[in-house]
Amino acid sequence: MRPFAQFALAGCLLVAAGTAHADETKFLQSFKGSFAGKGTVQLTTDVPNVSVSCSFKSNATSTSLSLDGNCRGLVLVTRAISAKLKVAGAKYSGVYVGSRTGPAQLNGSRSGDAINLGIRWAQEVNGDRKARMTVEKRGENGIRLTVTDTDPKTGKNVVMSLIDLTRV
């Protein structure tokens, strides 16, 4: 199950540190707490998706956000996930840990209520080392995590993971 790495999306839930301006501080703080939810994960572009249940605890300061949790799919498969991100000005960067390929690098920026991140996997996933993640704040208590990748056969973007989380 090499790209259970698609769970990285959960890893992207986290954003943090550096020199955050006031808007980023409030935004980062909105992720603080415990979250749980469900969604789907497609391990590679050529296999069907799998239903998952996820839970996370996140800690946030004015300059950091960290997330620790797990996602469970196929009844017996559980993947521990953690992510730490930093914000410097309007730029987000960090590391996701939990992929079977090894630590993945995250880089991007925020647009409105969404953090748009590029993922650089430690090893190839779906024919390359790149994917995209969006962490979207949905209301006071919701977060949507989406990972998209390019199907190497068709060249089209495919939603690899979509997880909706709610504060618990």
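To be clear, the structure that these remarks concern was listed above.
What comes next concerns the included structure.

Re the pattern of salt bridges
On inspection of all chains with the given rule, the structure shows 4 salt bridges. The salt bridge partner of Glu24 is Arg110, with a shortest N-O separation of 2.7 Å. Linking Glu24 in helix H2 (residues 22-29) with Arg110 in strand S7 (residues 104-111), this pair joins segments that are 86 residues apart in sequence. Given a relative accessible area of 5%, Glu24 falls into the buried group. Asp46 is the partner of Lys153 in a salt bridge, and the nearest nitrogen-oxygen pair spans 4.0 Å. Of the two residues, Lys153 sits in the loop between strand S10 (142-150) and strand S11 (157-167) while Asp46 sits in the loop between strand S2 (33-41) and strand S3 (50-60), which places them 107 residues apart along the sequence.

Details of the packing of aromatic side chains
Tallied over the entire structure, the rule returns 1 aromatic pair. In this structure, Arg110 is placed above the aromatic ring of Phe27, and the distance from its NZ or CZ to the ring centre is 4.1 Å. Taking NZ or CZ as reference, Lys137 lies 5.6 Å from the ring centre of Phe31, over its face.

Some words on the state of the cysteines
Summed over the entire model, instances satisfying the criterion amount to 1 disulfide. The partner cysteine of Cys54 in its disulfide is Cys71, sulfur to sulfur 2.1 Å. Residues Cys54 and Cys71 are joined through a disulfide that is right-handed, its torsion about the S-S bond being 115°. Here Cys54 is found in strand S3, whereas its partner Cys71 is found in strand S4 (residues 64-73), with 17 residues between them in sequence. For the pair Cys54 and Cys71, a shared accessibility class is recorded, and that class is buried.

A look at unusual backbone geometry
Outside of glycine, negative phi angles account for most residues, and trans bonds account for most peptide bonds. Despite not being glycine, Asn126 has its phi angle at roughly 55°, a positive value. Along the chain, Asn126 turns up in the loop between strand S8 (114-125) and strand S9 (128-138).

Notes on the environment of Trp121
With respect to the secondary-structure elements, Trp121 resides in strand S8. Residue class for Trp121 comes out buried when judged on its relative accessible area of 0%. With 25 residues separating them in the primary sequence, Trp121 and Tyr96 have C-alpha atoms 9.2 Å apart.

Procedures and definitions
Residues numbered from 1 in each chain as written. Predicted model: local features only at pLDDT ≥ 70, side-chain atom pairs only at ≥ 80, totals over all residues. Heavy atoms only, no water. Salt bridge = Lys/Arg side-chain N within 4 Å of Asp/Glu carboxyl O. Helix = DSSP H or I, 4+ residues; strand = E, 2+ residues; numbered from the N terminus. Buried < 20%, exposed > 50% of the residue type's maximum accessible area, 1.4 Å probe, protein only. Phe/Tyr/Trp six-rings, centres within 6.5 Å; stacked < 30°, edge-to-face > 60°. Lys NZ or Arg CZ within 6 Å of the ring centre and 35° of its normal. Disulfide = S-S within 2.5 Å.

Scope: geometric values only; no functional claims are made or implied.
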